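Coordinates in review
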Amino acid sequence: YDRDDVELAESLLKVQDTIPICPNQISQHFALGALKAGHPWIRQRVEGLLSNRRNAIEALSSLGTPIQYQKSGAIYLWAKLPESVT
């Protein structure tokens, strides 16, 4: 998305704020199941996510343009596409 589009950025922040404070019922059941399964089960899933993050960063790095991402937390990656792609 165009990061200079203030109206869109504000809307995205509203969506992002709604997700953690208003989980739907099925998400709540999954969360309870994860808590009951314990730390080893959760750690195994997180390791898979870390692998996905590394793969995505590696793929976007091949574009030769800057990538913005956080080193921990959710997987949000922002990359400027080369002019030849836009």
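Quick caveat, the model's predicted, so the values are computed rather than measured.

It is worth spelling out the side chain of Arg 53 at this point. Considering the arrangement of structural elements, one finds Arg 53 in helix α3 (residues 39-61). The charged side chain of Arg 53 is buried without a salt bridge, its nearest counter-charge being Glu 58 at 13 Å. Here Arg 53 is in contact with Tyr 69, Gln 70, Lys 71, Ser 72, Gly 73, Ala 74 and Ile 75, once residues within four sequence places are set aside.

Residue placement: Asn 52 occurs in helix α3. In sequence terms Asn 52 and Ile 75 are 23 residues apart; their C-alpha atoms lie 9.0 Å from each other.

Over its 13 residues, helix α2 (residues 25-37) extends 19 Å from the first C-alpha to the last, a length consistent with the 18 Å expected when each residue adds 1.5 Å. A positive backbone phi angle near 95° is found at Gly 38, which sits one or two residues after α2.

Of all residues in the protein, 86% attain a pLDDT of 70 or more, and the chain-wide mean is 80. Across the protein, element-level confidence peaks in α2 with a mean pLDDT of 90 and bottoms out in helix α1 (residues 6-21) with 71.

Turning next to a negative patch on the surface. Judged by side-chain charge, Asp 4, Asp 5, Glu 7 and Glu 10 come together as a negatively charged surface patch. In this structure, Asp 4 sits in the segment before α1. Residue Asp 4 is classed as exposed on the basis of its relative accessible area of 62%.

Reading guide: rules and limits
Residues numbered from 1 in each chain as written. Predicted model: local features only at pLDDT ≥ 70, side-chain atom pairs only at ≥ 80, totals over all residues. Heavy atoms only, no water. Helix = DSSP H or I, 4+ residues; strand = E, 2+ residues; numbered from the N terminus. Buried < 20%, exposed > 50% of the residue type's maximum accessible area, 1.4 Å probe, protein only. Lys, Arg positive; Asp, Glu negative; His and termini not counted. Salt bridge = Lys/Arg side-chain N within 4 Å of Asp/Glu carboxyl O. Contact = heavy atoms within 4.5 Å. Expected span 1.5 Å × (residues − 1). pLDDT = per-residue confidence, 0-100. Patch = residues over 30% accessible without salt bridge, like charges linked within 9 Å, V, L, I, M, F, W, Y side chains within 5 Å. Areas by Shrake-Rupley, 256 points an atom, 1.4 Å probe, with all protein chains shown as cover. Charge placed at Lys NZ, Arg CZ, Asp CG, Glu CD.

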